[in-house]
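# Topology and contacts: notes
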Amino acid sequence: MSTIEPLLERFRRRDRTALARLLTLIARGEQREAIRAALPRNPGPSRVVAVTGNGGVGKSTLVGQLIGVVRGRGRTVAVLACDPESPLTGGALLGDRVRMPGHPEDAGVFIRSVTAPEGHEGIADDIDLMIKSLKAFPFDVVLVETAGVGQGDTAVRDLVDVVVLLVQPESGDELQWQKAGLLEVADVVVVHKADLPGAERTESEVRDLLNLPGCRPVPVLRASGGRGWGLDELWGVVESLPTRRPEERRDRRALLRLVQQQLADRFGQMSIAVAPVLERWSRREVDDREAADEVLKALIEGRTER
Ligand SMILES: Nc1nc2c(ncn2[C@@H]2O[C@H](COP(=O)(O)OP(=O)(O)OP(=O)(O)O)[C@@H](O)[C@H]2O)c(=O)[nH]1
Ligand SMILES: [Mg+2]
C-alpha cells in the first residue's frame, strides 16, 4: 500500500494542492513508480504543446499570452516552464507577472516551473510524468516552455503533440546554425517579436529553409507576444495540426542508431555505411523513402565505411 494513496485520492478529486505536491514529488525523483502506476494509461484528449527557442526569444511572453487565448476559447490550461537556469521560485516565469500573468483567481489555469539540476539528464523523464499528471488532472491544454533546441528538447519533442519553435527577426547566421535543429523539431515556426525590423525577411528566410521538396510542410507565421499580434492565428494553426499518435512520438533517429549499432556489432569490426545516408536524411537532402532505399542497398551490398 503506497504511502501516497491519500495524496492520489485528493488528486483524483481535482485538488490543486495535491497536484502541486505530486509535481514536487516527481521533481524530487520520489514515488515515481507509484505515481506512474496510479495515472490512467489513456488520459483525456489534452493537447500538449511545446514552445521552444533560444534564450530571450520571448517564449515566456508568448506562453503568457497563449494562456489568455486558450482560456478565451473556454479551455483549461496548464503550463510547465522548464528553465535550466533559474531556480523554482526566483525564475523569470513566476517572478514576472507582466510576462506571464499569474491568473491567480482562475481555476482553469495552472502554472509550474521546473528546474533541472545541473548535469541532470533525466529531465525528459520528469517532464513526461508531469505532463501525464496534468493530462490526467485533467487540463485541456498543456503548454511546455523549453529553452533551446538542444538534445533535451529533442527528447521533450517526443512527449508533446506540437512543437512551436520561436526565432527572432534578423537571426541571420544564427538561423543557418539552427537549421538542422529547426528542421528536426519544429511543427510550426514563429518569427516572434514581429514588431522588430526584419521580421518579414526572416519569415521568408525560414520558409526557404523549410520549403524543401519531399518534406512535410511546416507552417511559418509572424507573431508578437509583446504586442499581442498573431496569437489567435497561431493557436488556430496549433489546433489544426493532427495530434501525433503515440507510436509516432518515439525517437526514430535513436532507433536507427540502435539498429546501426547492432548491425555493426553483428558484422564484427565491419561498420555499415549507413551513417552518411542518415546524415543526408537528417539534413532533408533525401526523403524517407530514398534514405530507406539507400540504407538497404548499403546493407545488401555489404558496403562498409572507409
Ligand atoms: N520587441 C519585442 N520584445 C519582446 C516581445 N516579446 C517578448 N519581448 C522581450 O524579450 C525579452 C525576453 O522575453 P521572455 O519572454 O522572457 O523570453 P524567453 O524566451 O522566455 O527567455 P528565457 O526563458 O530566458 O529563455 C523580454 O525583455 C521581453 O520583454 C515582442 O513581441 N516584441
Ligand atoms: Mg522564459
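Our subject is the structure that appears above.
Residues numbered from 1 in each chain as written. Chains lettered and ligands numbered in written order. Predicted model: local features only at pLDDT ≥ 70, side-chain atom pairs only at ≥ 80, totals over all residues. Heavy atoms only, no water.

## A closer look at unusual backbone geometry
Residue F137 is joined to P138 through a cis peptide bond whose omega torsion reads 5 degrees. One non-glycine residue, R284, lies in positive phi territory at about 65 degrees. Relative to the elements of secondary structure, R284 occurs in the loop between α12 (275–282) and α13 (288–300). (Helix = DSSP H or I, 4+ residues; strand = E, 2+ residues; numbered from the N terminus.)

## Some points on the packing of helix α4 (residues 59–72) against helix α10 (residues 231–240)
Orientation of α4 relative to α10, taken along the N-to-C sense of each, is 75 degrees, at an axis distance of 10 Å. Put simply, α4 runs roughly perpendicular to α10. Residues L62, Q65, L66, V69 and V70 of α4 form the contact with α10, whose own contacting residues are L231, D232, L234 and W235. A breakdown of the residues in the contact of α4 with α10 according to their chemical character gives seven nonpolar, one polar and one charged. (Axes fitted to C-alpha atoms, helices over the stretch in contact; angles between N-to-C directions. Parallel < 35°, antiparallel > 145°, perpendicular 65-115°, else oblique. Contact = heavy atoms within 4.5 Å. Nonpolar A, V, L, I, M, F, W, Y, C, P; charged D, E, K, R; others polar.)

## Details of the coordination of the magnesium ion (ligand 2)
Donor atoms from the polypeptide that coordinate the magnesium ion (ligand 2) comprise S60 (OG) and E145 (OE), at 2.1 to 2.2 Å from the metal. Residue S60 is located in helix α4, and its partner E145 is located in strand β4 (residues 141–147); the two are separated by 85 residues in the primary sequence. A residue is classified by how much of its surface remains accessible, and S60, at 12% relative accessible area, is buried. Its relative accessible area of 9% is what places E145 among the buried residues. (Donors = N, O, S within 2.8 Å, 3.2 Å for Na, K, Ca; no water. Buried < 20%, exposed > 50% of the residue type's maximum accessible area, 1.4 Å probe, protein only.)

## Things to note about helix α9 (residues 199–210)
With 12 residues, α9 should reach 16 Å at 1.5 Å per residue; the first-to-last C-alpha distance of 16 Å fits that figure. Among the residues of α9, A199, T202, E203, V206, L209 and L210 are the ones counted as buried. All buried residues of α9 lie within an arc of 125 degrees about the axis, which places them on one face of the element. For α9, the exposed residues lying more than 90 degrees away from the buried face are E200 and D208. (Expected span 1.5 Å × (residues − 1). Arc of directions from axis to C-beta.)

## Topic: the pattern of salt bridges
A full pass over the atoms with the stated rule returns 18 salt bridges. For E239, the salt bridge identified is with R75, shortest N-O distance 2.5 Å. On the criterion of sequence distance, the pair formed by E239 in helix α10 and R75 in the loop between α4 and β2 (77–82) is long-range, its members being 164 residues apart. For E239, a relative accessible area of 28% gives the class partly exposed. Overall, R75 belongs to the partly exposed group, its relative accessible area being 30%. One salt bridge connects R201 with E205, and the closest N-O pair in it is separated by 3.6 Å. Linking R201 with E205, this pair stays in helix α9, spanning four residues, or about one helical turn. Its relative accessible area of 27% is what places E205 among the partly exposed residues. The structure contains a network of salt bridges with shared partners spanning R73, R75, D232 and E239. (Salt bridge = Lys/Arg side-chain N within 4 Å of Asp/Glu carboxyl O.)

## Observations regarding the pairing of β2
The buried fraction of β2 amounts to six of the six residues, a majority that puts the element mostly inside the structure. The two faces of β2 match: V77, V79 and A81 on one face and A78, L80 and C82 on the other face are all buried. One ladder, built from six bridges, connects β2 with strand β3 (residues 109–114); its direction is parallel. Looking across to β3, one finds that V79 is bridged to I111. Across six bridges, the pairing between β2 and β4 is parallel. The residue bridging A81 from the neighbouring strand is E145, located in β4. (Pairing = 2+ DSSP bridges.)

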